[in-house]
Every structure is written in C-alpha cells, then in structure tokens.
Amino acid sequence: MAGLMAGFGHFTHAIVRGVPKSLAKEALRTCNSDVDPAKAQGEHEVYVEVLRKKLGLEVVELPADESLPDCVFVEDAAVVCGDTALITRPGAESRRKETEAMKCALQGLNLNIVEMSDENATLDGGDVLFTGREFFVGLSKRTNQRGAEILADAFKDYAVSTVPVLEGLHLKSFCSMGAPGLIVIGSSEPAQKALKIMQQMSDHRYDKLTVPDDLAANCIYMNLPNKGHVLLHCTPEEFPESAKIYSEYVSPGSSLAYGASLFRSRDEEIYQLTR
C-alpha cells in the first residue's frame, strides 16, 4: 500500500476550463444527445465549487474559447505524473490547439514540460489510466501506438501497456482507479474484455469494483493532503444502481465520497495534478 500511495502522490491542484457556448452545436459527438448550454454551465460551476471549497484544491481556471468547442474537456490535453507534464497530440485535429493553454498553465506550476511533436502520434489523456504502479494506454479512435510509445519515453520509471478500446470513446469511458489497487470497471462485455487484457499484461494484482453502467465507472480518486482518500462518482439521479454500489463500497470513516452530476463523462471534465 505504501508503494501505491507514493505512486499517486497528493492531489493539490485542478485545472478546469470554462464551458464555451459553441459546445452545444459544434463539439464532437459520440451520441446524438443534446447539450443544454445553461445546464452545462450551471453544473460546471457546481463542480468547480466542490473542487475548491469541499475538497480544498487550488483550482486553476482557464477561460473558454469559442473557437474550441471541446475545450472544457481538459484531461485530453496533457498527462501529468510527478514533476513531468506530457503535452499530448489529441486524435481529433479540431482539438489540437487546446494544448496551448494547458501548456501555459502547467508551465506556471513549474512542471517539466515534454511536448509530443511527432505528427504520426496521437494521444488523448482520456485513454491514459495511471494505477500508481504503471500506465495502461487505450488504443482507440483518438490514441495510437506511437502516442503510447512517446508516453512510455516520457515516464521511464513506469511500465506502459496498451489495451485495445473496441467500443466507446476512451479507455476511461468505462474504467478508472477507485482507490490504490482498485480498478472500477463497467459491466459491458467490451469493458470486461479490456480488464482481462490489463490483468494479463500486468505484473501487479488489482482488485476490481464492477458497476452496471460503463459511464458510471468514470470516477475520480484523489489522495488529498488534509482529507485523505476521496472518490468523486456519479449521483443516484444519473445511475442509481451504480451509485448504490459505490455507496456500499465506501466505508464510513475511511473515505469521503461526493456525487457530482455532470453533462458528459467526468474523466474529460477535470484534469488532476499530482505533486
């Protein structure tokens, strides 16, 4: 457990970006559902308040950019581990300029910046799962093998394994870390197949928490300096059965759990910085 905790470090900062009005009509879509701009803005404000006031994180807020309708989904623009920040090359060409503001923000936090300049490489942060011991990188429509190789070169202290993402947008569309040594995974066949591949490729053993809804597996685990273990997960209004499993897993006194209803998958809503 001590080694795992050292791998995660303490979460002290969060970088978020404002919701552009262009999100509703111009953002990339994986489904045909509509986005209510006012509701999205309201939920984003509540989310930032939770990060700042309830969790005590130092929140860096970047302004929305109407020319970048997907810019609110900041996780895809960088991967941070220790004192190194890898600026990615998002798979969707329309999102490539999102990395400019992220790079400036991370430079302001005095991190060592590594840029992914290879034009043959693509990498979305949503395809990168850091377990505290190693990295799993989803090979998806947005991330390719060359992108995974550059990530491995940037973080030489950790093993990097690739996992095919056959359905869904990103690897973390159906799995996340729920605690040190615990992978939260969706119950669908593609999600379970991906987990099996991860288990086969890893030299480490992980426990698993299976939730009925793949999107509900998209949670955020944080180790906070003053609060200890915190898990941000879906609300009962979004996914009642999955939320019930979370509530049964979290034991009083050992963890904090907050439900936060967001308009898209949570892994793309917040970027976490470990120091």
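Residues numbered from 1 in each chain as written. Predicted model: local features only at pLDDT ≥ 70, side-chain atom pairs only at ≥ 80, totals over all residues. Heavy atoms only, no water.

**As for the pattern of salt bridges**
Operational definition: We count a salt bridge whenever a side-chain nitrogen from Lys or Arg sits within 4 Å of a carboxyl oxygen from Asp or Glu. Only protein chains enter the accessibility calculation, which uses a 1.4 Å probe; a residue is then buried when its area is under 20% of its type maximum, exposed when over 50%, and partly exposed in between.
Counted under the stated rule, the structure contains 12 salt bridges. A salt bridge links Arg95 to Glu98, with the nearest nitrogen and oxygen atoms 2.9 Å apart. Note on Arg95: relative accessible area 2%, which makes it buried. We note a salt bridge from Lys156 to Asp153, for which the minimum N-O separation is 2.4 Å. As far as the burial class goes, Lys156 and Asp153 line up, both exposed. Three or more residues are tied together by salt bridges with common partners; here these are Asp76, Arg95 and Glu98.

**Here's the deal with the sheet that holds strand 5 (residues 112-115)**
As a reminder of what qualifies: By definition, two strands form a pair when at least two bridges between them are found by DSSP. Numbered from the N terminus, helices here are DSSP runs of H or I no shorter than four residues, and strands are runs of E no shorter than two. For helices, the axis comes from a line fit to the C-alpha atoms of the stretch in contact; other axes are also lines fit to C-alpha atoms, and the angle between any two N-to-C directions lies between 0 and 180 degrees. Contacts are assigned to residue pairs that have any heavy atoms within 4.5 Å of one another.
Overall, mixed pairing links the 3 strands, which are arranged 3-4-5 in an open sheet. A strand with exactly one partner marks an edge of an open sheet, and here the two such strands are strand 3 (78-81) and strand 5. Strand-to-strand twist of the sheet, defined as the mean angle between neighbouring strand axes without regard to direction, takes the value 20 degrees. Pairing of strand 3 with strand 4 (residues 84-87), which is carried by 4 bridges, proceeds in the antiparallel orientation. For Val79, the partnering residue across the bridge sits in strand 4 and is Leu86. Sheet contacts for helix 5 (residues 145-154): strand 3, strand 4 and strand 5; angle to strand 4, the most-contacted strand, approximately 160 degrees.

**Quick word on the packing of aromatic side chains**
Just so we agree on the cut-off: Note on aromatic pairs: the rings of Phe, Tyr and Trp (six-membered ring only in Trp) are paired at centre separations within 6.5 Å, and the planes decide the class, stacked below 30 degrees, edge-to-face beyond 60, tilted for the rest.
Counted by the stated rule, this structure contains 5 aromatic pairs. Aromatic pair Phe130 and Tyr158: ring centres 5.1 Å apart, planes at 85 degrees, arrangement edge-to-face. Here Tyr158 lies in the loop between helix 5 and strand 8 (159-164) and Phe130 lies in strand 6 (residues 128-130), a separation of 28 residues in the sequence. For Tyr158, a relative accessible area of 23% corresponds to the partly exposed category.

**Structural notes on the environment of Lys21**
Position of Lys21 among the secondary structure elements: in the loop between strand 1 (11-17) and helix 2 (23-26). With 17 residues separating them along the chain, Lys21 and Ala38 place their C-alpha atoms 8.9 Å apart.

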